[in-house]
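Chain by chain, the residues:
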Amino acid sequence: MAATTTSIPAQPIEIGADPSVRRRQRIAGFGRAGLFLSLIIAIIALIVLLLDITNKIGGMVVYGYKIDPLTIVPSIPLEELTEPELLQIAKDNVPPDRQAAMPEEMGMPLDEMSKDDLINTIYNETPNPDTLTARPLETLADQELVAVLDNNITDARFNQLNSEQPFETRSREELIELIESEVLLESVVKTWPLFESLFSRPAIEEQIRRDFPDSDSEFRWWLTPQFILNDLTTRPETTGIRTAILGSILMVMTTIAIAVPVGVAAGIYLEEFAGKSRLNSIIQTNIYNLSGVPSILYGMLGLAIFVRALGALTSGAAFGIPDPPPNGRTIISASLTMALLILPLIIINTQEAIKAVPQSLRDGSLALGATKWQTVWNHVLPVAAPGMLTGIILGTARAIGETAPLIVVGAAAYITSDPRGPFSSFTVLPMQIYSWASLPGETFRNIAAAAIVVLLVIVILFNLTAIILRNRLRKSL
Amino acid sequence: MAVLTPQAPAVAQTRERISLKKKPRLGESLIKGFLFVCGFISVFTTIGIVLVLATEALVFFTAPEVTLVKFFTDTIWAPEAGRVGILPLVTATLVTSAIAMMIALPIGLSAAIFLSEYASPKARGYLKPILELLAGIPTVVYGFFAVSFMTPLLKGIFGADVVEFYNMASAGLVMGIMIVPIVASMSEDALSAVPRGLREASFGLGATRLETSLKVVVPAAVSGIAAAVIVGISRAFGETMIVALAAGAGPNFTLNPFKAAETMTGHIARISGGDLSYDSIDYTSIFAVGLMLFFMTLTLNMISRWFVRRYREVY
């Protein structure tokens, strides 16, 4: 031991007078503070991570339109206006230097022009003469709003919207919102982080007034019930993660259905049935090594075997599934891959749980004449169940959050249809986070953060359950 | 004895009638067979991984433009252009992992020493679950954190012209945070396993708690700690999401941590995430990279297991 080699100075020490004692104690104090500090750093890292994500799930935003609203609303032909009205429009819109030049070029100032001259001047001297008399969206009647919508989107989309909720039953505000999102392609052009928006809102509003005088702005949350329930779309303002959540749920449930029976059975075999043969020790070593294989390599296994070699089976084509996907990049391939990935975790936890079962239980059962399997099934497993459950929960949490193998196996980055069963193409929550986080643009960060909150809540709930369950078990044993 | 003696003949009679040989039980054997198959699936998984990586990599290495010498010495990775040097991918993996370990080793080990040697059982009860929560956060979340927090922070500190948008430092630092709980919890297990007697002997000789921890307990647990560090390195090698999001999207032979460079895992993720034709050299090349990665992590894991076994023999 190192303790025996670190020798204490041989010269006699006068107790309490040795100056080195105080120095050593001071060092010990610093050392303790340093050790504690490193733990604090780890905790601060966790807090900063959570704050950074929170900071992006809401905040002030400025909206801009891709299309000028004035170009889509009905406008009154200039000919129908009266002369004073035309004069007013001309005075408001013809640039002042041109107005001053009018007497020279046209022979008279604006005030003296006839109606036709005014119309001509307006057409010649203003940049967008057609929008001058456009009526703002807010002044239109409901019927006219629907007409605007009908004129500017495809018939299919119009009918789809109508069947979701008939236009007659929608309120004015809803209709205007629809026009803004469907026709004007309203989008967020600038965002501010949550905390800045909360604590220095006046400064932000001042900046908005200066830089975006005509734009709408508001405080908005990116994590909303709509975000969780909506379809995936390419626009961060309206997209949702329902498809990804359903994909995650279906994929994880299939994974658990495959991995739990196999993993538990393997754990039982290794603890209760396996002798000390060479084969069994190879299996055991192998399981430990598997738990250290990078997850992306499981993805490559899945790609080569489940997606490519067994493509006919995993796409469902071999089972006569109507309208099968073109390749094996389906939920079942992902689940099989993920099952192999979490298998070592489940096996090792099952083994630990079975090891903790007192030997006397087995002996008692065997002595009463029960067979080996009866003993395991009736006595060992019920006692080991909570411990095995811990492993299953941890495995589930891992499967929910794992991304790398699914990229390789082929989770879609963008898909609009919900998964219908094990043989459909799919996307999962972490995959969406990855694809949004890798896109440029503030708003993609915002929705990635919102999706992360959903993912973290699920994963942390699972992990907490496992931690609490395990701590209870430790106390009861 | 006196009570039992009259019964003795009865036992002898029963022995004649009942055979105590193990009965062949079909159900039991079937169940045992099923359990064995399940146990063996893990071996199939390993064989599968090795076989898949090896066969596809073989296709890659038999391509006319690929030689083993070029694979290990060329400094440009662009398989479709005939340049197949894996060095840029390997150096990027090594740089990000080294940065990660520079964070994870001191913080993880210190946290483990504090938890094992200083913290009261009550404090440990609160602190350990926090570390476990840190360990349970999906890596894609860390990847997001690297892009959205660490990269801007580094740009702010070192200057936007020095630090590229994608850079290895950001990915490495965040990966370090991710590995802290792994190193901490494994080291803590090793430290807790050191017998109390050693500590008490050290205290008895007048050593402070710090001296006892650093000069007695840590050396006694050094093989377990080494195992923890190696597992940490192996995690860093295999980590994908953080480097895929933050380290860069193109192979780059550089040791400058503020430059973008793609790691082995990041490369596999990017190539396989796109539309991939099964006949292309891109497809077979990622399996060659995967094989390389597999051997690197397998070696580390075996060394770590060897350390743990050695350390178990001490007590």
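Reading the values: the criteria
- Residues numbered from 1 in each chain as written.
- Chains lettered and ligands numbered in written order.
- Predicted model: local features only at pLDDT ≥ 70, side-chain atom pairs only at ≥ 80, totals over all residues.
- Helix = DSSP H or I, 4+ residues; strand = E, 2+ residues; numbered from the N terminus.
- Rg over C-alpha atoms; globule rule 2.2 N^0.38 Å.
- Contact = placed C-beta atoms within 7 Å.
- pLDDT = per-residue confidence, 0-100.
- Axes fitted to C-alpha atoms, helices over the stretch in contact; angles between N-to-C directions.
- Parallel < 35°, antiparallel > 145°, perpendicular 65-115°, else oblique.
- Left-handed = near helix turned anticlockwise from the far one by under 90°.
- Expected span 1.5 Å × (residues − 1).
- Buried ≥ 20, exposed ≤ 12 C-beta atoms within 10 Å, placed from the backbone.
- Domains from an automatic or database assignment.
- Pairing = 2+ DSSP bridges.

A. Up close: the overall build of chain B. Scanning chain B from N- to C-terminus turns up 13 helices and two strands. Expected size for 315 residues packed as a compact globule is a radius of gyration near 20 Å; at 27 Å, chain B overshoots this value by more than 25%. Expressed as lengths along the three principal axes of its C-alpha atoms, the size of chain B is roughly 100 × 65 × 35 Å. For chain B, the proportion of contacts with a sequence separation of at least 24, taken over those separated by at least 6, is 74%.

B. How the structure looks around the interface of chain B and chain A. Every contact between the two is made by 81 residues of chain B and, on the other side, 78 residues of chain A. The element contributing the most residues to the side of chain B that touches chain A is helix 2 (residues 26-61) of chain B, with 19 residues.

C. Representation of the confidence of the model for chain B within the structure. Residue and element names in this part refer to chain B. In the predicted model, chain B carries a mean pLDDT of 87, and the fraction of residues at 70 or more is 93%. Low confidence marks residues 1-6, where pLDDT is under 50. Its contacts with residues over four positions away, or in another chain, come to zero contacts. Listed scores for the predicted complex are pTM 0.82 and ipTM 0.87.

D. Structural view of the packing of helix 2 (residues 19-54) of chain A against helix 5 (residues 121-136) of chain B. The geometry of helix 2 of chain A relative to helix 5 of chain B is characterised by a closest axis approach of 10 Å and an angle of 50 degrees between their N-to-C directions. Our classification of the angle between helix 2 of chain A and helix 5 of chain B gives oblique. As helix 2 of chain A runs across helix 5 of chain B, the sense of the crossing is left-handed. Within the contact between the two elements, helix 2 of chain A uses A:Leu39, A:Ala42, A:Ile43 and A:Leu46 and helix 5 of chain B uses B:Leu127, B:Ile130, B:Leu131 and B:Leu134.

E. Molecular detail of helix 7 (residues 168-192) of chain B. Spanning 25 residues, helix 7 of chain B covers 35 Å between terminal C-alpha atoms, matching the ideal 36 Å at 1.5 Å per step. Of all the 25 residues making up helix 7 of chain B, 22 are buried; the element is thus mostly covered by neighbouring parts of the structure.

F. Summary view of the domain arrangement of chain A. On domain assignment, one finds that chain A holds domain 1 (52-67 + 185-221), domain 2 (75-131) and domain 3 (242-476). Spacing between the C-alpha centres of domain 1 of chain A and domain 2 of chain A amounts to 38 Å.

G. Summary view of the confidence of the model for chain A. Mean pLDDT over chain A works out to 84, with 96% of the residues at or above the 70 mark. Every residue in residues 1-5 of chain A scores below 50 in pLDDT, and together they form ten contacts with partners more than four places removed in sequence or on other chains.

H. A look at the sheet that holds strand 1 (residues 58-64) of chain A. Residue and element names in this part refer to chain A. Ordered by their spatial adjacency, three strands build an open sheet running 2-1-3, and the pairing between neighbours is antiparallel. One side of each edge strand has no neighbouring strand; the edge strands of this open sheet are strand 2 (187-191) and strand 3 (217-221). With direction set aside, neighbouring strand axes in the sheet form an average angle of 50 degrees. Bridge analysis of strand 1 against strand 3 gives five bridges, and the strand direction is antiparallel. Paired with Met60 across the bridge in strand 3 is Phe219.

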